[in-house]
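Overview (structure and organization)
If you want the building blocks of each chain, they are given just below.
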2 protein chains.
Amino acid sequence: MEYFDSNPRPKQLDEHSEGAQAFIDQHAREHRRVALVTSGGTTVPLENQTVRFIDNFSAGTRGATSAEYFLEAGYAVIFLHRQFSLLPYSRHYSHTTNCFLDYMTHDERGAVVIDAEYRQQMADVLAQYTKAKRENTLLILPFTSVNEYLWYLRDLAILMQPLAANGLFYLAAAVSDFFVPADRMVEHKIQSSEEFNTKRQLSNGDDDNSNENLPAAHMEGKKLVIDLDPVPKFLKQLVDAWAPRSMIISFKLETDPSILSEKCQSALKKYAHHLVIGNLLRTRKHEVLMVSARSGEKWLRVPTDRRTKSVTGLTGNGAEPVPAADPIEIESLIIPEIKTLHSEVIAKGDPR
Amino acid sequence: MEYFDSNPRPKQLDEHSEGAQAFIDQHAREHRRVALVTSGGTTVPLENQTVRFIDNFSAGTRGATSAEYFLEAGYAVIFLHRQFSLLPYSRHYSHTTNCFLDYMTHDERGAVVIDAEYRQQMADVLAQYTKAKRENTLLILPFTSVNEYLWYLRDLAILMQPLAANGLFYLAAAVSDFFVPADRMVEHKIQSSEEFNTKRQLSNGDDDNSNENLPAAHMEGKKLVIDLDPVPKFLKQLVDAWAPRSMIISFKLETDPSILSEKCQSALKKYAHHLVIGNLLRTRKHEVLMVSARSGEKWLRVPTDRRTKSVTGLTGNGAEPVPAADPIEIESLIIPEIKTLHSEVIAKGDPR
């Protein structure tokens, strides 16, 4: 894939691949299924010394929650996540509205103790976290940019090939469709007043319509104009070349309900992998559309009275329903469904 | 300011302003200084139902750390921060490499306790957090988009006017210089294949060079092109109209050392406020340049052997020095310096 010839290999990839190799070897020996869960949004830096970047909305809730249910279902999990997005287990306490310090108090001798009200829940979460650490079933790897994501995904997929059908890809990360190629990225922060920009950064293109090697971001008068190249279709490569024997699940996040099903079907047709999980920004916490060649379309839904607080996207919009007293996370419905499909794929031998 | 006529007022602003009013009233009565600390990056959403956005790099470390030192110095703090960026106190445990679950263990009865090694530090942090809550000296307010930021800043500044010189603005947030005006924002996620985009979203402009009311993001062939308008110079408004009697401190983050001083001087000259704190992406954790009309330029630096782990920006670059055993946070140098300047401003009566 030409992409990897012209965009730089991340500095920590060798070290992380080595850790992943040991992790995969262990679970291959123990005949355990291994899920690569990707999570969070990728960035598209606009400068080499990055001050501004384009991002895809994702707190990492889907990935972090799913990773816990994969572990519960007996999988080992490689959690490839956007740095500082939510992580399995700690996600229960990471949000502003759920600061873990609010769960703590001092006892009579001034030592920190967990507030009685939260003690049992925190003990349960910590027990699961400790179990995953003890059994070495959770490997956590970070990425930030879409370039890092693509390099990690390829390396990990190739390392996972010996797992054959026991390997599973659960691609929940919100990966940018567009990026700035390395040779079109400026070095320094783009300045809003032109006097501080270097000539190179202000270069504005010729009239011949070729913008090869021109910076992807530049000033035009008082405006900042950015033009981005399409990210190569890595899912095609993953399915056909990097992980031909593994089960592969991709996601579609849309905002317009009228195109969701069509977009999922179109992805499935294009890449010929196993499953597309479609979801809408507004309802993603309580319903998803599972689309597979084998079983067609199937909605999974959390009953109205068992929903967690609904979240309405990046900008929020106030009025949120009261969360259920005993909420069901939709990932607790998704993962068992996938485990069953995965068993069928393994039984069949040839995944596709 | 025309901006506020054409860009929507955030839905939760009324409710938050009411809370801020009560907070400010209390501290005005008690003659306490009040610092508005802004923190984290602002987003520039590219769609109304936001999937993609432009962001400014900031984890919120500067703001969250500074807020703690302002509280320690006797200030009440309004912490206006990017949602999910670092917060005072919890920031000590929020990072991937510092997960608070790693600080905990189970005792012999299965209850959660803090690991002996970390017990004292966590007790100290919790004590400071509890004190701020008990004395009601910390008000935490979130924003996400640059539009929300601007609305909140104006409302809070006007609410703080009765504090007069006791009010202080510490503008550490990384605010975008560019944005998408409400009337140029598309509703739905921009699709990478043109067939799914509506006509409105694909509209490509006429030949008359006027792009008013044309969507800020559109496809040109396989490329995504984004053009952004300049954010109005809100600092000018803050200094002249919204907070004419308060002390105002702005920040400049640059990547190119050769322009830092000039950029700071130019901001000070343009806005005629009290202090510009300049910093470079690579060295911001251990040195800053303080630039004021009163005292000229002054570098504050943490000695080499007392630095916290240096961070090298969004994309990282591997090799980081070992942190000092007893590190000094640079904010512990910045805030006392500001407190002294602030006392001079208050003593002088007229701040400028």
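Residues numbered from 1 in each chain as written. Chains lettered and ligands numbered in written order. Predicted model: local features only at pLDDT ≥ 70, side-chain atom pairs only at ≥ 80, totals over all residues. Heavy atoms only, no water.

As a further point, take the relation of the copies chain B and chain A. For the pair of chain copies, the relating operation is a rotation around an axis with a shift along it. Overlay of chain B on chain A (RMSD 0.0 Å): rotation 180 degrees, translation along the axis 0.0 Å. Taken together, the rotation and translation relating the two chain copies correspond to the operation of a two-fold axis. Every residue of chain B has its C-alpha some distance from the rotation axis, and the shortest such distance is that of Ile 54 of chain B, at 2.1 Å. (Least-squares fit on C-alpha atoms with pLDDT ≥ 70 in both.)

Take the pairing of strand β13 (residues 275–280) of chain A next. Residues and elements named next belong to chain A. Across the 6 residues of β13, 6 count as buried, placing the element largely inside the fold. Because side chains alternate across β13, one face comprises the buried residues Leu 275, Ile 277 and Asn 279, and the other comprises Val 276, Gly 278 and Leu 280, equally buried. With 6 bridges connecting them, strand β12 (residues 247–254) and β13 associate as parallel partners. Counted as the bridge partner of Glu 254 is Leu 280 from β13. For the crossover that starts at β12, traverses helix α8 (residues 260–271) and ends in the parallel β13, the hand is right-handed. Alignment of β13 against strand β14 (residues 287–292), held across 3 bridges, turns out to be antiparallel. Bridge assignment links Ile 277 to a residue of β14, and that residue is Met 290. If you look at the hairpin formed by β13 and β14, you'll find 6 residues sitting between the two strands. (Buried < 20%, exposed > 50% of the residue type's maximum accessible area, 1.4 Å probe, protein only. Helix = DSSP H or I, 4+ residues; strand = E, 2+ residues; numbered from the N terminus. Pairing = 2+ DSSP bridges. Right-handed = clockwise from strand over helix to strand, strands pointing away.)

Listed as interface residues are 75 residues of chain B and, on the opposing side, 76 residues of chain A. Carbon and sulfur atoms make up 63% of the surface buried where chain B meets chain A, a total of about 7200 Å² over both sides. Across the chain B-chain A interface, the total number found is 8 salt bridges. The closest approach of N and O atoms between Lys 133 of chain B and Asp 102 of chain A, which form a salt bridge, is 2.8 Å. (Contact = heavy atoms within 4.5 Å. Buried area = accessible area lost by both parts, 1.4 Å probe. Salt bridge = Lys/Arg side-chain N within 4 Å of Asp/Glu carboxyl O.)

Attention now moves to the sheet that holds strand β15 (residues 296–301) of chain A. All names here are of chain A. Spatially, β7-β4-β1-β8-β12-β13-β14-β15 is the arrangement adopted by the 8 strands of the open sheet, whose pairing is mixed. Bordering the open sheet on either side are β7 (138–143) and β15, each of which pairs with just one other strand. Ignoring strand direction, the axes of neighbouring strands in this sheet form an average angle of 15 degrees. Most of the contacts of helix α9 (residues 331–348) go to strand β8 (residues 167–171), to which it runs at about 145 degrees, and overall it touches β8, β12, β13, β14 and β15. (Axes fitted to C-alpha atoms, helices over the stretch in contact; angles between N-to-C directions.)

Our next topic: the environment of Tyr 271 of chain B. Residues and elements named next belong to chain B. Structurally, the position occupied by Tyr 271 is in helix α8 (residues 260–271). Overall, the relative accessible area of 9% leaves Tyr 271 in the buried class. Setting aside anything within four residues of it in sequence, one finds Tyr 271 in contact with Lys 233, Leu 235, Lys 236 and Val 239.

Geometry of an aromatic ring pair is reported as the spacing of the ring centres plus the angle between the planes. Summed over the entire model, instances satisfying the criterion amount to 24 aromatic pairs over all chains. Between the aromatic rings of Tyr 103 of chain B and Tyr 118 of chain B, the centroid separation amounts to 4.1 Å while the plane-to-plane angle is 50 degrees, which identifies the pairing as tilted. Separated by 15 residues along the polypeptide, Tyr 103 of chain B in the loop between β4 (76–82) and β5 (104–106) and Tyr 118 of chain B in helix α4 (residues 116–135) bring together distant segments of the chain. Given a relative accessible area of 9%, Tyr 103 of chain B falls into the buried group. Between Tyr 149 of chain B and Phe 234 of chain B, the aromatic rings sit 6.0 Å apart at their centres with planes inclined by 80 degrees, giving edge-to-face as the arrangement. In this pair, Tyr 149 of chain B sits in helix α5 (residues 146–160) while Phe 234 of chain B sits in helix α7 (residues 234–242), placing the two residues 85 residues apart along the sequence. Connected via pairs of aromatic rings, a cluster forms that spans Tyr 3, Phe 4, Trp 151, Phe 179 and Trp 242 of chain A. (Phe/Tyr/Trp six-rings, centres within 6.5 Å; stacked < 30°, edge-to-face > 60°.)

Here we come to unusual backbone geometry. All names here are of chain A. Even without glycine at this site, His 31 takes up a positive phi of about 55 degrees. Checked against the element boundaries, His 31 lands in the loop between α2 (13–29) and β1 (34–39). With a phi close to 75 degrees, Phe 84 is a non-glycine residue in the positive phi region. Along the polypeptide, Phe 84 turns up in the loop between β4 (76–82) and β5 (104–106). By relative accessible area, which is 46% here, Phe 84 ends up partly exposed.

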